[in-house]
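Examination of the molecular architecture
Residue-level listing of the chains:
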Amino acid sequence: MFMTACTAGTDGILERLAEAAGTVPFYGHQDDLMYGHGWNAADGLDRQMERSDVKDVCGLYPAILGLDLGHIELGDSCNLDGNSFALMAEAARLHHARGGMISLSWHLDNPATGGSSWDASDSSVVRRILPDGDLHDKFRVWTDRVCDWIESLKDEDGRQIPVIWRPFHEHTGGWFWWGSDCCTPEEYNALWRMSHEQMVNERGLRDLVWAISPSSSNRELFAERYPGDGYVDLVGVDHYAYTAPGQSREEADEAFVSSTREVLAWLKEFASSRGKPYALTETGLEGLNSPEWWSGVLQKAIENSGICYVLTWRNSSREDQRNHFYAPFPGQESAEDFRKWVNEGKIKMLDRI
Ligand code: BMA
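Residues numbered from 1 in each chain as written. Predicted model: local features only at pLDDT ≥ 70, side-chain atom pairs only at ≥ 80, totals over all residues. Heavy atoms only, no water.

1. Some points on the nonpolar core
Note the following rule: Residues enter a nonpolar core if they are buried and are Ala, Val, Leu, Ile, Met, Phe, Trp, Tyr or Cys, with the set joined through side-chain atoms within 4.5 Å. A 1.4 Å probe rolled over the protein chains alone gives each residue an accessible area, and that area as a share of the maximum for its type sets the label: buried under 20%, exposed over 50%, partly exposed in between. Working definition: helices are DSSP H or I runs of at least four residues, strands are E runs of at least two. Numbering for both runs from the N terminus.
Formed by 91 residues in total, the largest nonpolar core has its most connected members in Leu 69, Phe 139, Trp 149, Ile 150, Trp 165 and Phe 338. Considering each element in turn, this core owes the most residues, 7 residues, to helix α7 (residues 249-272). Within the second largest apolar cluster, 19 residues are counted, among which are Ala 21, Ile 64, Met 101 and Trp 313.

Following this line, the structure appears as structure tokens:
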């Protein structure tokens, strides 16, 4: 049985994940109900949030709905990808009512420079938001805004909806301001524990599954950039498919299978020795130009790995991001294979919970 770290009220999410870890993993998709290839729930036609590219392809919703809170810290009404926070809350409530689980990431702005999450130009920022730092009070307000939104997620009986909370992700990479180029391991761990203290102990949010997910690159940095078993419920890794210059589709697919297997073997060792469930918290092949990517590539990469879920990234609805998608939509070249993967029971969707 898994050791839960911090929160008791996760309403069975950890148990559900634990069960999946021993059998078939859950499938998750970022922003699944918010928009898809060529449509957007905010356009008024789908306020019931019935639509989903994944459901349009296989008839079922993903088990896990990923959402991102980036820009909630600014008090904005929409997140960094243009989703209204009100509609996101609606999506989370509906998805929960349908029996699904929710995973939240947070691409928050850089509190020192006003730049985005990707502004890694300043290596004093994490130190400055820790207690005694000049940005500490500002950061507490930012965290409170996150808490307010999470707190607003109540089910029909007024009970708090539990969520997987995955802040400060890919921190072994150097591209985010909380990444390895901008802070020491001690500063990163202190940031995590400080957030935990505020959210769980001060704000009383006990329905969070605290998920930490380093990037698959530089993962040798992870052991020291880990806040401790008492602050983590689930360990993940973000690992994407990539086509190197000059590589054929087949070569790139093979490389993804072997690199993922290697990454997940490492993750299994790290997480299992700490009694934590583990997951492929972000993955995907942008543009899905590999017709059998699901049953032939991803499945080979994850089978027998013991992960409890795999989440593919978002399907942008924007005209200028036509190739920025990681799940199929009707007519997309990997759609038939996705359907096959689901129908063969290789992955758990919403109806299989
Ligand atoms: C990234 C891209 C960006 C997006 C961000 C947060 O990986 O998809 O376009 O703004 O995630 O969702």
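2. Topic: the environment of Ala 252
Mapped onto the secondary structure, Ala 252 falls in helix α7. According to the relative accessible area criterion, Ala 252 is buried, its value standing at 2%. As for Ala 252 and Ala 241, which are separated by 11 residues in sequence, their C-alpha atoms are 7.7 Å apart.

3. Comments concerning the pattern of salt bridges
Just so we agree on the cut-off: The term salt bridge refers to a side-chain nitrogen of Lys or Arg lying within 4 Å of a carboxyl oxygen of Asp or Glu.
Enumeration according to the criterion identifies 18 salt bridges in this entry. One salt bridge in this structure joins Arg 203 and Glu 151, with 3.2 Å as the shortest N-O distance. Of the two residues, Arg 203 is situated in the loop between α6 (185-202) and β7 (208-212) and Glu 151 in helix α5 (residues 136-151); the sequence distance between them amounts to 52 residues. The partly exposed category is assigned to Arg 203, whose relative accessible area is 22%. According to the relative accessible area criterion, Glu 151 is partly exposed, its value standing at 29%. Ionic contacts of the salt-bridge type, sharing partners, join the residues Asp 144, Asp 148, Glu 151 and Arg 203 into one network.

4. Overview of the pairing of strand β4 (residues 64-68)
Which entries qualify depends on this criterion: Only when DSSP finds a minimum of two bridges between them are two strands counted as paired.
With 5 of 5 residues buried, β4 is to be regarded as a mostly interior element. Every second residue of β4 is oriented toward a common face, with Ile 64, Gly 66 and Asp 68 on one face and Leu 65 and Leu 67 on the other, all of them buried. Bridging between strand β1 (residues 26-30) and β4 involves 3 bridges; their strand directions are parallel. From the neighbouring strand, His 29 faces β4, where its bridge partner is Leu 65.

5. Let's talk about the packing of aromatic side chains
In plain terms, the rule: Each Phe, Tyr or Trp ring (for Trp, its six-membered ring) is paired with any other whose centre lies within 6.5 Å, and the angle between the two planes then decides the class: stacked below 30 degrees, edge-to-face above 60, tilted in between. Whether a charge lies above a ring is judged from NZ of Lys or CZ of Arg, which has to be within 6 Å of the ring centre and within 35 degrees of the ring normal.
Applying the stated criterion across every chain yields a total of 27 aromatic pairs. Look at Tyr 226 and Phe 270: their rings are 5.2 Å apart centre to centre, the planes differ by 80°, and that puts the pair in the edge-to-face class. With a gap of 44 residues between them, Tyr 226 in the loop between β7 and β8 (234-238) and Phe 270 in helix α7 connect regions that are remote in the sequence. Three or more aromatic residues joined by ring pairs form one cluster here, namely Trp 106, Trp 118, Phe 139, Trp 142, Trp 165, Phe 168, Trp 175, Phe 176, Trp 177 and Trp 178. Against the face of Phe 270 rests Arg 274, its NZ or CZ located 3.7 Å from the ring centre. Lys 348 extends its terminal NZ or CZ atom over the ring of Phe 26, reaching a point 5.2 Å from the ring centre.

6. A word on the sheet that holds strand β6 (residues 163-166)
Stated formally: Lines are fitted to the C-alpha atoms to define the axes, a helix being fitted only along its stretch in contact, and any angle between axes, read from their N-to-C directions, falls within 0 to 180 degrees. What makes two residues a contact is simply this: any of their non-hydrogen atoms within 4.5 Å.
Spatially, the 8 strands close up into a barrel ordered β1-β4-β5-β6-β7-β8-β9-β10, and their pairing is parallel. Pairs of neighbouring strands in the sheet enclose a mean axial angle of 25°, with direction left out of account. Sheet contacts for helix α3 (residues 85-97): β4 and β5 (101-105); angle to β4, the most-contacted strand, approximately 165°.

7. Some words on the packing of helix α8 (residues 293-302) against helix α9 (residues 335-343)
This is how the line gets drawn: In these notes the angle categories are as follows: under 35 degrees is roughly parallel, over 145 is roughly antiparallel, 65 to 115 is roughly perpendicular, and the rest is oblique. Residue classes follow a fixed rule: Ala, Val, Leu, Ile, Met, Phe, Trp, Tyr, Cys and Pro count as nonpolar, while Asp, Glu, Lys and Arg count as charged, and any other residue, Gly among them, counts as polar.
At a minimum axis separation of 8 Å, α8 and α9 run at an interaxial angle of 50°. With respect to α9, the element α8 is oriented oblique. Two secondary-structure elements touch here, α8 through Trp 293, Trp 294, Ser 295, Gly 296, Leu 298, Gln 299 and Ile 302 and α9 through Asp 337, Phe 338, Lys 340 and Trp 341. By residue class, the composition of the contact of α8 with α9 is 6 nonpolar, 3 polar and 2 charged.

8. Structural notes on the site of the ligand
Here is the rule: What makes a residue near a molecule or strand is one non-hydrogen atom of that residue sitting within 4 Å of it. Polar contact is the term for a pair of N or O atoms within 3.5 Å; when the atoms are in protein, one must be able to donate a hydrogen and the other to accept it, and sequence-neighboring residues count only if both atoms are side-chain atoms. Computed with a 1.4 Å probe, the accessible areas rest on the Shrake-Rupley method; for each residue, only the protein chains presented here act as cover.
The full set of residues close to the ligand is Leu 80, Asp 81, His 107, Trp 118, Trp 313, Arg 314 and His 324. In this structure, Asp 81 approaches the ligand through a side-chain N or O atom, which is 2.5 Å from an oxygen atom. One nitrogen or oxygen atom from the side chain of His 324 is found 2.6 Å from an oxygen atom belonging to the ligand. Starting from 310 Å² of accessible surface for the ligand in isolation, the protein chains cover 77%.

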